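Chain residues, written in single-letter form:
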Amino acid sequence: MTCHEKASSTKINIKQPSIKVGIIGNPNVGKSALFNKVTKGKAWVGNWPGVTVEKKVGKINLGEVNVEIVDLPGIYGLTAHSQDEVIARKFLLEEKPEIVIQVVNAVNLERNLYLTIQLLEMGLKLTIALNMVDLAEKEGVEIDINGLMNELKVPVIPVVAIKEVGINQLTKTVIEQIDKPTPSFKLDYGVEIEEAIEKIRKIIDSSMKKLDLRIDSRWLAIRLLEEDNDIVERLKNLGLEYIIRESRRIREELEARFNKSIEVLMIEKRYHYILSLSKKYIKRKTTKGTLTTFTYKLDKVLTHPIMGLMIFISTLYLLFKLSFDIATPLTELIETFFSNNVYNFFKTLFLPEIVSSLLSDAVLNGVGIVLIFIPNLLFLFLGISFLEDTGYLARVAFLFDKWMNKVGLSGRAVIPLLIGFGCNVPAIMSTRTLGTDRDRGLAVSMIPFISCSARLPIYLLFTLAFFKESQIMVILSMYLLGVVIAIFTAILFNKLLFKRQSVGYVMDMPPYLTPSAMNILIKSWERVKSFLIRAGTIIVSLMVVIWVLSVTGPEGYLGAEALSNPELLSRGWIAFFSKLLQPLFEPFNWDWRIIASLIFGFIAKEVVVSSLAVLYGAGEQGLSTVLLSSFTPLTAYSLMAFTLLYTPCMATAATIKTEIGLRYTLLIVSYQLIIAYTVTYAILLIGGSLT
Amino acid sequence: MKSVAGYILLLGKAYIVSSLIYLIEYIAKIEIGISQLIPVDAGMAFYFMTVGVLYDYAYFRSREGVSKASLFIALIMSIAIMLVQTVNFVISSTELLLSSARVEAIYNIIRIETILGLLSLLLLLKLRKTIYE
Amino acid sequence: MDYDAGSKPLNVYPLSIIEEGKTVKIVKIVGGRGLVRRLYEIGLLPGAEIQVLRNSKHGPVIIRNSLSGTFSLGFGVAKKIMVEVMQ
């Protein structure tokens, strides 16, 4: 393209309105791989309004047309009873995309066709992307694509998303579809049901003026016959109760005749149709394709109760080793770079002390804390995304489902919980995959009690000083305490807050696939970025608040040296509040300096140690000796317990807020404070009576 | 596969023995072997035990289909830990590598994970075609 | 593969007690609307033939059906799927 041509086509683009295209499909069909390839990695990630489900939107130019591509959640059908289905349905009805691309798994085509039928009945302009055709070939699956296209009257484009095969053909077809009329699709449900549909349809048509939806009245009739809650709600809101009543009557008549649920009957009809399509257009050369047999054999080992568990524990070990051992040098690099170069930058600028301290000690420090998470988070997410994309995580969920059920969760929740042992932040973020808000909330309530690696320095310091012989046992007891309280919390929250039981889990076990490196990188980077931007801003703001409360006091500004001068610190607001709270902690025998360190510990649990060092006027080396003189083994143990339980660190709290919401975050923090106090009190009581 | 059967058995036994030595050393609080040849921590020892059992299971059940899966997983795990550990040691020895203590650095990298991992890699390359059936 | 549920068979058991390796045919799903719909949507209908790949007794079950693919079902779900054993 010459410079001139480029300029003129750009002009055309500005004048063209953009068209909306939705990408939909079953879970595990390679939808995100296709989305990434079509949008060339340029996508914006946000949330669907009102819910914490990820929404990805990309904008591209296809020829001369601006296209906005929306990635819809993976669903099996459109009956709107799970949150994902509701979101997809809402988008299709309200945002009215020009074209919908359904990504279909060629290996397992039949199951995908159920969604196809529902999309066609909705009267949408559909383009089917037949993905993974290379694997289907290996599996011995032969699909008569032309036959299928002719019968469904929908373009079917074979693609291999990961290898970028067929993408151009797909986009070209989508553009061509824009100007073509929407083909009509009608599935024959049998005489009696068709009669009922017609009756309802006539009622709807007669009030069509009130209905703004550009939706097929036949589809509406079918939905009403199936008693679709969402449609019923919408009609109620439009004041069309009589349609609902009439259709209910018609439905009840029909059900009396068949003695069976109409919905069930209709689903059966759809599957009869799918079977006929399968007989006509899908041929399997063998019942044991290479892919499924390979997966089946691997699963025999990986889901074996003993071997499977051992392999999983080893995999977890490897994951942690990868993310911590390899990330740690990078973290240290960032830390030293920050403290040597960046940190002092503002100090050299001849700014007034208060400003330079605000910028370096608060803002930069906060930014530094956020950045320090990146190497760990990145490697953890790389590992998890890798395991996720291979399909292994579904097997892990299977292995743990029995145990997770006892706490009211499904096997899927085990991954976030175990990640929490490394760091609570990515653990909270991985609860996204848990599907329902209830499961997420429950898992999130447990995670802060899991001893992350940041608590280890505190355990080490105290056990070294007070429990030298039984160091490991004491540290393990901390981990155990955390787990026990987490389980207790889950059971409690389950009874009080989430009264509805988990719906019972049904989980797809996709065949094992070699994951695409690009996908993994994109996924991991998206997660890290989301942490950086959303949690990062909260963390930096909180740092500023803490800074203000440290360098100012009832007398006014104390000077920036307050941060390293115990005398000055003792005149600041934090010390003030700590002294106020001291009576509360009388039974623990903690003076205000410990309370203040705990307040600072909100920043990051390791900070408790460094704060203690500053407040007690000892360097970190001499801290153990100082502690020995101010603590007994019992009070030391109780302090360790309190640090474990009292609050999530700032980063975790910020992540909970961005993933769930502010109210829940506050609930958890208050709950933790109460639990920490109660448990520590109990420890002191029990310990006191034993000695 | 029959030709390499003995090789598989030995590889598995090596992992298991190494893991057991770690266990003995830990319980009895003594040092028996060379630190290069013993897993670095308990988690690694568990990992070794798992890999060893997988290899030996593959050997003993070589007539059933399961053994191929077992072997495949064992191969992947041994190579994975080799890679992770090697990268780990390279990174932590970077300072050493830059100085004259190069020999010490190389000495540190030649560890049991690397040795057994390379042997597994050879095995994998040899069995590449047959494994995938 | 026939989705005709046929006449009422005598030996009907919940899926949760079926041994690994057996092939069964779904007779009925005893559950609330939501569950029935969800299972139906993925092709687990009366008349569907499924292979039990793994059964962890009082735990989840892994099954395979040529239309639906491979799924793992929680114990609570497996208990509600009534099946008859194929010879």
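These figures come from a predicted structure and were not determined experimentally. (Residues numbered from 1 in each chain as written. Chains lettered and ligands numbered in written order. Predicted model: local features only at pLDDT ≥ 70, side-chain atom pairs only at ≥ 80, totals over all residues. Heavy atoms only, no water.)

J.: Can you break down the overall build of chain B residue by residue, with the values?
T.: Within chain B one finds six helices and zero strands. Every one of the 133 residues in chain B was classed for burial, and the buried ones make up 44%. Considering only residue pairs separated by 6 or more positions, chain B has 69% of its internal contacts joining residues 24 or more positions apart. A total of about 7,300 Å² of accessible surface is found on chain B, and carbon and sulfur atoms cover 70% of it. (Helix = DSSP H or I, 4+ residues; strand = E, 2+ residues; numbered from the N terminus. Buried < 20%, exposed > 50% of the residue type's maximum accessible area, 1.4 Å probe, protein only. Contact = heavy atoms within 4.5 Å. Areas by Shrake-Rupley, 256 points an atom, 1.4 Å probe, with all protein chains shown as cover.)

J.: Account for the interface of chain C and chain A, naming residues and giving values.
T.: Residue-level contacts link 35 residues of chain C with 36 residues of chain A. For A:Glu263, the salt bridge is made with C:Arg37, and the minimal N-O distance between the two is 2.8 Å. Summed over the shared surface of chain C and chain A, the number is 14 residue pairs in polar contact (both at pLDDT 80 or more). Broken down by secondary-structure element, the contributors of at least two residues to the side of chain C that touches chain A are helix H1 (33–41), strand E3 (49–55), strand E4 (61–65), strand E5 (69–73) and helix H2 (75–79) of chain C. For the side of chain C that touches chain A, the element with the most residues is H1(C), which contributes eight residues. Each residue belonging to the side of chain C that touches chain A can be placed in one class, and the counts come to 17 nonpolar, eleven polar and seven charged. The pairing of strand E10 (residues 506–508) of chain A with E5(C) spans three bridges and is antiparallel. (Salt bridge = Lys/Arg side-chain N within 4 Å of Asp/Glu carboxyl O. Polar contact = N/O pair within 3.5 Å; in protein donor to acceptor, adjacent residues only side chain to side chain. Nonpolar A, V, L, I, M, F, W, Y, C, P; charged D, E, K, R; others polar. Pairing = 2+ DSSP bridges.)

J.: So what's going on with the packing of aromatic side chains? Residues and values would help.
T.: Throughout the structure, instances matching the rule amount to 34 aromatic pairs over all chains. Relative to A:Tyr677, the ring of A:Phe588 lies with its centre 5.0 Å away and its plane at 35°, an arrangement referred to as tilted. Of this pair, A:Phe588 sits in the loop between helix H25 (573–581) and helix H26 (592–600) while A:Tyr677 sits in helix H31 (residues 662–690); the two residues are 89 residues apart in sequence, bridging distant segments of the chain. A residue is classified by how much of its surface remains accessible, and A:Phe588, at 0% relative accessible area, is buried. Each member of the aromatic cluster is reached from another via a ring pair, and the members are A:Phe585, A:Phe588, A:Trp590, A:Phe642, A:Tyr646, A:Tyr677 and A:Tyr681. Looking at A:Arg395, its charged tip hangs above the ring of A:Tyr512, at a distance of 4.1 Å from the centre. The ring of A:Tyr296 has C:Arg64 sitting right over it, with the charged end atom 5.3 Å from the ring centre. (Phe/Tyr/Trp six-rings, centres within 6.5 Å; stacked < 30°, edge-to-face > 60°. Lys NZ or Arg CZ within 6 Å of the ring centre and 35° of its normal.)

J.: Describe the packing of helix H10 (residues 229–237) of chain A against helix H11 (residues 241–258) of chain A, listing the residues and the values that go with them.
T.: Residue and element names in this part refer to chain A. Put simply, H10 and H11 touch, their axes get as near as 7 Å, and they point 140° apart. One element, H10, and the other, H11, form an angle in the oblique class. Two secondary-structure elements touch here, H10 through Val232, Leu235 and Lys236 and H11 through Glu241, Ile243, Ile244 and Arg248. Taken together, the residues that form the contact of H10 with H11 break down as four nonpolar, no polar and three charged. (Axes fitted to C-alpha atoms, helices over the stretch in contact; angles between N-to-C directions. Parallel < 35°, antiparallel > 145°, perpendicular 65-115°, else oblique.)

J.: Tell me about the interface of chain A and chain B, and name the residues and values.
T.: Each partner contributes residues to the interface: chain A has 18 residues there, and chain B has 27 residues. With both chains or domains summed, chain A and chain B bury close to 2,100 Å², and 81% of this area falls on carbon and sulfur atoms. Across the contact surface, chain A and chain B share zero salt bridges. Summed over the shared surface of chain A and chain B, the result is three residue pairs in polar contact (both at pLDDT 80 or more). Elements with a minimum of two residues in the side of chain A that touches chain B: helix H13 (290–302) and helix H14 (307–325) of chain A. Here the element with the most residues in the side of chain A that touches chain B is H14(A); it accounts for ten residues. Among the residues making up the side of chain A that touches chain B, the classes are represented as 14 nonpolar, one polar and three charged. (Buried area = accessible area lost by both parts, 1.4 Å probe.)

J.: Please set out the pairing of strand E1 (residues 19–25) of chain A residue by residue, giving values where relevant.
T.: Residue and element names in this part refer to chain A. Most of E1 sits inside the fold, with six of its seven residues counted as buried. Across five bridges, the pairing between E1 and strand E4 (residues 65–71) is parallel. Bridge pairing in E4 places Lys20 opposite Glu68.

J.: Mind laying out the sheet that holds E4(C), listing which residues take part and the relevant values?
T.: Ordered by their spatial adjacency, seven strands build an open sheet running E10(A)-E5(C)-E4(C)-E3(C)-E2(C)-E6(C)-E1(C), and the pairing between neighbours is antiparallel. In the strand order of this sheet, the two ends are held by E10 of chain A together with strand E1 (12–14) of chain C, each with one partner. When strand polarity is set aside, the average angle formed by the axes of neighbouring strands in this sheet is 40°. Of the strand pairs in this sheet, strand E2 (residues 23–29) of chain C and E3(C) are connected by three bridges, and their pairing is antiparallel. When the bridges of E3(C) are listed, C:Thr23 appears paired with C:Gln51.

J.: Describe unusual backbone geometry, listing the residues and the values that go with them.
T.: Residues and elements named next belong to chain A. Residue Glu164 is not a glycine yet carries a positive backbone phi of 60°. When you line up the elements, Glu164 lands in the loop between strand E8 (156–158) and helix H7 (167–178). Residue classification places Glu164 among the exposed positions, given a relative accessible area of 54%. Positive phi is not limited to glycine here, since Glu227 has a value of about 55°. Relative to the assigned elements, Glu227 resides in the loop between helix H9 (217–225) and H10.

J.: Quick rundown of the sheet that holds strand E2 (residues 43–47) of chain A? Include the residues and the values.
T.: Residues and elements named next belong to chain A. Pairing is mixed across the open sheet formed by seven strands, whose spatial order is E2-E3-E4-E1-E5-E6-E8. Whereas interior strands pair on both sides, the edge strands pair on one side only; in this sheet they are E2 and E8. Taken pair by pair, the neighbouring strands of this sheet meet at an average axis angle of 25°, ignoring direction. Against the sheet, helix H4 (residues 109–121) touches E1, strand E5 (99–105) and strand E6 (126–131), its axis set at about 165° to E5.

J.: Please set out the arrangement of the chains residue by residue, giving values where relevant.
T.: If you rank the two pairs of chains in contact by how many contacts each has, first place goes to chains A and C. There is no contact between chain B and chain C; across them, the least C-alpha separation is 14 Å.

J.: Go over the nonpolar core with me, naming the residues and quoting the values.
T.: Within the largest apolar cluster, 142 residues are counted, with the highest numbers of intra-cluster contacts made by A:Phe462, A:Phe531 and B:Tyr55. Apart from the residues within four sequence positions on either side, A:Phe462 is in contact with A:Phe467, A:Leu612, A:Leu627, A:Ala636, A:Leu639 and A:Met640. Of all hydrophobic cores here, the second largest spans 101 residues; its members include A:Ala136, A:Ile200, A:Leu235 and C:Ala48. (Core = buried A, V, L, I, M, F, W, Y, C linked by side-chain atoms within 4.5 Å.)

J.: Describe in detail the side chain of A:Asn424, supporting the description with residues and values.
T.: With respect to the helices, strands and loops of the structure, A:Asn424 is situated in helix H19 (residues 424–430). Setting aside residues up to four positions removed in sequence, A:Asn424 forms contacts with A:Ile447, A:Pro448, A:Ile450, A:Cys452, A:Arg455 and A:Thr652.

J.: Summarise the environment of A:Lys31; cite the residues concerned and give the values.
T.: Residue and element names in this part refer to chain A. With respect to the element layout, Lys31 can be found in helix H2 (residues 31–38). Along the backbone, Lys31 and Gly74 are 43 residues apart, and their C-alpha atoms lie at a distance of 8.0 Å. Once you skip the residues sitting within four places of it in the chain, Lys31 turns out to touch Ile23, Ile24, Gly25, Asp71, Leu72, Pro73, Gly74 and Val103. A polar side-chain atom of Lys31 sits 2.9 Å from a polar atom in the side chain of Asp71.

J.: Mind laying out a nonpolar patch on the surface, listing which residues take part and the relevant values?
T.: Together, A:Ile472, A:Met473, A:Leu476, B:Leu20, B:Leu23, B:Tyr26 and B:Ile27 make up an exposed nonpolar region whose accessible area comes to about 730 Å². Secondary structure elements with two or more residues in the nonpolar patch: helix H22 (471–496) of chain A together with helix H1 (5–28) of chain B. Ranked by residues supplied to the nonpolar patch, first place goes to H1(B) with four residues. Looking at the secondary structure, you find A:Met473 in helix H22. Owing to a relative accessible area of 57%, A:Met473 belongs among the exposed residues under this scheme. (Patch = residues over 30% accessible without salt bridge, like charges linked within 9 Å, V, L, I, M, F, W, Y side chains within 5 Å.)

J.: Tell me about the confidence of the model for chain A, residues and numbers included.
T.: The share of residues in chain A with pLDDT of 70 or more is 94%, and the mean pLDDT across the chain is 84. Contacts for the low-pLDDT stretch residues 1–13 of chain A, under 50 throughout, to residues beyond four places or in other chains number seven contacts. (pLDDT = per-residue confidence, 0-100.)

J.: Account for helix H12 (residues 262–281) of chain A, with residues named and values stated.
T.: The terminal C-alpha atoms of H12(A) lie 29 Å apart, and with 20 residues this matches the ideal 28 Å at 1.5 Å per residue to within 8%. Sitting at the head of H12(A), A:Ser261 places a side-chain oxygen 3.3 Å from the backbone nitrogen of A:Glu263. (Expected span 1.5 Å × (residues − 1).)

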